[in-house]
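Summary of the model geometry
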Amino acid sequence: MLTAALIAFDSPGAPLRREAVARSLGSLVESCVQGLIADALILAAPGRGLDGIADEAGCALIEAPHAADGLAQALKAARRDHVLLLLAGFAVERGFAEEAQDFFAYGDASRARTIRLAPDSLITRLAPGLARPVGLIAPKSALSSAKGADLAQLVRKMRGADLTTRARRVL
């Protein structure tokens with residue numbers, strides 16, 4: 001049903017650790033076993049040393065100097081009509097696979113769905129919709145036409161509904 005694309009580019013001032021990439025991929029294993037995720041890609045800058053992780057996980061590694069280029073290549077390589085974009089360093093919580101399968105079975109599959117960071121402050125506990133978006137499920141065609149690489153910007157363009165399942169930061 002989905003191609004998972006893990007976006008593993010460093011954010012300014014916070015380099016991404018290889019262990020965080022591996023733990024993010026590990027959070028998707030249950031979704032693979034349940035048949036939700038059919039294939040996976042890692043998008044990263046060249047020379048990050050993620051080829052070993054990609055090989056062990058059985059997923060493709062797409063290396064590009066910029067996230068926008070990597071996302072464009074990933075959308076071309078995606079084998080499924082819907083794509084899960086997930087920022088490396090975050091892990092989906094238990095229940096994600098079931099909620100996403102229900103979304104495909106009973107919801108409007110053409111509408112994007114956003115995965116937000118689990119509440120980590122009083123404000124995000126009171127207003128969960130203010131939590132940072134860290135994942136997005138959307139049709140591949142909609143992502144291609146949106147022409148962007150910043151996840152927050154894509155979430156705004158897609159205007160998708162939030163999933164109740166959240167993601168947590170992995171260290």
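A brief report on the enclosed structure follows. (Residues numbered from 1 in each chain as written. Predicted model: local features only at pLDDT ≥ 70, side-chain atom pairs only at ≥ 80, totals over all residues. Heavy atoms only, no water.)

**Overview of the sheet that holds strand E3 (residues 60-63)**
Ordered by their spatial adjacency, seven strands build an open sheet running E3-E2-E1-E4-E7-E6-E8, and the pairing between neighbours is mixed. The sheet is open, and its two borders are formed by E3 and strand E8 (161-162), each paired with just one other strand. In terms of strand pairing, strand E4 (residues 82-87) meets strand E7 (residues 133-139) through five bridges, oriented antiparallel. Of the residues in E7, the one forming a bridge with Val83 is Ala138. This element, helix H1 (residues 18-26), spans strand E1 (2-7), strand E2 (37-44) and E4 of the sheet and lies at about 160° to E1. (Pairing = 2+ DSSP bridges. Helix = DSSP H or I, 4+ residues; strand = E, 2+ residues; numbered from the N terminus. Contact = heavy atoms within 4.5 Å. Axes fitted to C-alpha atoms, helices over the stretch in contact; angles between N-to-C directions.)

**Quick word on the packing of aromatic side chains**
Applying the stated criterion across every chain, the model contains one aromatic pair. Ring geometry for Phe103 versus Phe104: centroids 4.7 Å apart, planes at 50°, classification tilted. Residue Phe103 shares its accessibility class with Phe104, and that shared class is buried. (Phe/Tyr/Trp six-rings, centres within 6.5 Å; stacked < 30°, edge-to-face > 60°. Buried < 20%, exposed > 50% of the residue type's maximum accessible area, 1.4 Å probe, protein only.)

**Considerations on the side chain of Asp39**
Within the fold, Asp39 resides in strand E2. Looking at Asp39, its side chain comes within polar contact range of the side chain of Thr3, at 2.7 Å. Setting aside residues up to four positions removed in sequence, Asp39 forms contacts with Leu2, Thr3, Ala4, Arg79 and Arg80. (Polar contact = N/O pair within 3.5 Å; in protein donor to acceptor, adjacent residues only side chain to side chain.)

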